[in-house]
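Structure at a glance
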Amino acid sequence: MAGGSLGPAGVAKERAEQYQGKVTPSVIVACFVAAIGGSIFGYDIGISGGVTSMDAFLKKFFHDVYLKKKHAHENNYCKYDNQGLAAFTSSLYLAGLVASFVASPVTRDYGRRASIICGGISFLLGAALNAAAANLAMLLTGRILLGVGIGFGNQAVPLYLSEMAPTHLRGGLNMMFQLATTLGIFTANMINYGTQKLETWGWRLSLGLAAAPALMMTVGGILLPETPNSLIERGKKEEGRRVLEKIRGTKEVNAEYQDMVDASELANSIKHPFRNILERRNRPQLVMAIFMPMFQILTGINSILFYAPVLFQSMGFKGDASLYSSAMTGAVLASSTLISIATVDKLGRRALLISGGIQMITCQVVVSIILGLKFGPNQELSKSFSVLVVVVICLFVLAFGWSWGPLGWTVPSEIFPLETRSAGQSITVAVNLFFTFVIAQIFLTLLCSFKFGIFLFFAGWVTIMTIFVYFFLPETKGVPIEEMILLWKKHWFWKRIMPVVEETNNQQSIST
């Protein structure tokens, strides 16, 4: 432990080769049920864009936008530019940002399940309030409750999946969170496609059906076992070992159990994890917890998913066609996540992030060129170019779905030592939701100002993040979660940051 030789040392040696166990039905079921927590996040992303393009919804809550939408000669890029409408979408993410920090001590002191249950209940209440909304105040209050649910869920679920999964399949099982998110987006798009035909109350049904994944998440949280890491951290060592033996399908879990005990001893010696996370030994993980979720949002994906119907309508697609096109992108995103699940523990995290980044840059540049040349004020895209834009956007979404989509959550959830894991995940969620909030709030204004240049703006960011991964992210494939701290000491750059004195202290602690 940095700063002294008498405290708990944490995990001081590699025992990965001694880990035993197999993939059991218990761990598959637990990860599947927990991953449902991702669907509430995805459902909201998908539902928001569709609802904000429905005439009945706009007429009731955002009449000015409704009138601009109907104005035949309005600038194509600016017809939806309204801060109130943007606030409807983005208020949820600001609430989630605050809630993620409240969720951290709950997750640490009461377990991962407690946060999952709290998130489910809050989201359930928010869905009910939104479905019954009679005015803008009710609508925004419901959105805030949804945000609290997402803050708790996104804080706890990736941690739960990373801790339950066996090392050799941690990437794939952790990505079930992203798979659930993408399926939530696709489901929301299909629901919007149906409910937009219900002219007066379709939007209420779209918003109210968010209660379905919230209910599944709440019930799942009640029925799930707690992770062995959390149980051991909270002093329930025997129960933690029993759960570990059950999910690994063997009694021979001594090496993995000992890593958890060592990590928990250090974790329990840390009284202020948010202060501890600023120490040099945690600097690489802190950088990743900030940059990975920030970069994930700056790919521009949420802009496309939030506002897909609005974006496609701005490009000249009619109402049904725009919702259909956004449903298509949702389906592509869900299917591409399966590619990542199948390959992440074989090819590794870095290969997927870099290849996905290159494809996303190419697609964004192509779309910007098409829009720049063929789409202007009071001018609609021809049918052939409209189809081409949808195809290229689908290729962009495909690349995101196997790279930054799932790995933006997976990598931060697996790299922190136990003593700062909950705090680290809170920072990851907060950064993700902060940039989601900012992009959601300003995207329509950016679209109005940058026009086709909006895609070049995001392409620039994807270029930066691809270079970042190449130089600064070590490969985490196959590294046990409690031994991740040792990985940074081998990296060409981060070993210069990691304190040398810590190795000496660990050795002294072991010999004492």
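This one's a predicted model, so the numbers in the text were calculated from it and none came from an experiment.

Turning our attention to the overall build of the protein. If you tally the helices and strands in the protein, you get 26 helices and 0 strands. Going through the 512 residues of the protein one by one, you find that 61% of them count as buried. Look at the contacts in the protein between residues 6 or more apart in sequence, and 82% of them connect residues 24 or more apart. Entry remark: accessible area of the protein is about 18,400 Å², with carbon and sulfur atoms responsible for 67%.

Moving on to the nonpolar core. Within the largest apolar cluster, 127 residues are counted, with the highest numbers of intra-cluster contacts made by Phe57, Phe62, Met288 and Trp404. Sort the elements by how many residues they give to this core and helix H23 (residues 418-450) lands first, with 12 residues. Listed in part, the 5 residues of the second largest apolar core include Ala99, Ala103, Val106 and Ala114.

Further remarks concern the side chain of Thr466. When you line up the elements, Thr466 lands in helix H24 (residues 453-472). For Thr466, a relative accessible area of 10% translates into the label buried. Setting aside residues up to four positions removed in sequence, Thr466 forms contacts with Ile354, Gly357 and Ile361.

Because an α-helix packs 3.6 residues into every turn, residues spaced three or four apart end up facing the same way. Across its 12 residues, helix H13 (residues 237-248) extends 16 Å between first and last C-alpha, which sits within 8% of the 16 Å expected from 1.5 Å per residue. Here H13 has its buried residues at Gly240, Arg241, Val243, Leu244, Glu245, Ile247 and Arg248. If you follow the buried residues of H13, they end up packed against helix H1 (25-35), helix H7 (136-164), helix H12 (228-233) and helix H14 (254-269). Once H13 finishes, Gly249 follows within two positions and takes phi at roughly 70°, a positive value.

Relative to each other, H23 and H24 sit at 125°, their axes nearing to 8 Å. The orientation of H23 with respect to H24, classified from their angle, is oblique. Of the residues in H24, those touching H23 at Ile439, Phe443, Leu446, Leu447 and Phe450 are Gly453, Ile454, Phe457 and Phe458. Of the residues that constitute the contact of H23 with H24, the class distribution is 8 nonpolar, 1 polar and no charged.

Let us now look at the packing of H7 against H23. For the pair H7 and H23, interaxial distance at closest approach is 9 Å and the crossing angle is 135°. With respect to H23, the axis of H7 lies oblique. As H7 runs across H23, the sense of the crossing is right-handed. Between H7 and H23, the contacting residues are Ile150, Gly151, Asn154, Gln155, Pro158, Leu159 and Glu163 on the first element and Leu418, Arg421, Ser422, Gln425, Ser426, Val429 and Leu433 on the second. Residue classes in the contact of H7 with H23 are distributed as 6 nonpolar, 6 polar and 2 charged.

Okay, the pattern of salt bridges next. Side chains that carry opposite charge are capable of pairing whenever their charged atoms lie near each other. Scanning the entire structure with this criterion turns up 14 salt bridges. For the salt bridge of Arg108 with Glu233, the shortest nitrogen-to-oxygen distance reads 3.8 Å. Here the residue Arg108 occupies a position in helix H5 (residues 83-110), and Glu233 occupies one in helix H12, the gap between them amounting to 125 residues. Assessed through its relative accessible area of 14%, Arg108 is described here as buried. Sharing partners across several salt bridges, the network here consists of Arg108, Arg112, Glu163, Glu233, Arg421 and Glu482.

Taken together, Val365, Ile369, Leu373, Phe452 and Leu456 make up a surface patch of nonpolar side chains, about 440 Å² in accessible area. Here the element with the most residues in the nonpolar patch is helix H20 (residues 349-374); it accounts for 3 residues. Tracing the chain through its elements places Leu373 in helix H20. Look at Leu373 and you get exposed, because its relative accessible area is 67%.

Rules of the game
Residues numbered from 1 in each chain as written. Predicted model: local features only at pLDDT ≥ 70, side-chain atom pairs only at ≥ 80, totals over all residues. Heavy atoms only, no water. Helix = DSSP H or I, 4+ residues; strand = E, 2+ residues; numbered from the N terminus. Buried < 20%, exposed > 50% of the residue type's maximum accessible area, 1.4 Å probe, protein only. Contact = heavy atoms within 4.5 Å. Areas by Shrake-Rupley, 256 points an atom, 1.4 Å probe, with all protein chains shown as cover. Core = buried A, V, L, I, M, F, W, Y, C linked by side-chain atoms within 4.5 Å. Expected span 1.5 Å × (residues − 1). Axes fitted to C-alpha atoms, helices over the stretch in contact; angles between N-to-C directions. Parallel < 35°, antiparallel > 145°, perpendicular 65-115°, else oblique. Nonpolar A, V, L, I, M, F, W, Y, C, P; charged D, E, K, R; others polar. Left-handed = near helix turned anticlockwise from the far one by under 90°. Salt bridge = Lys/Arg side-chain N within 4 Å of Asp/Glu carboxyl O. Patch = residues over 30% accessible without salt bridge, like charges linked within 9 Å, V, L, I, M, F, W, Y side chains within 5 Å.

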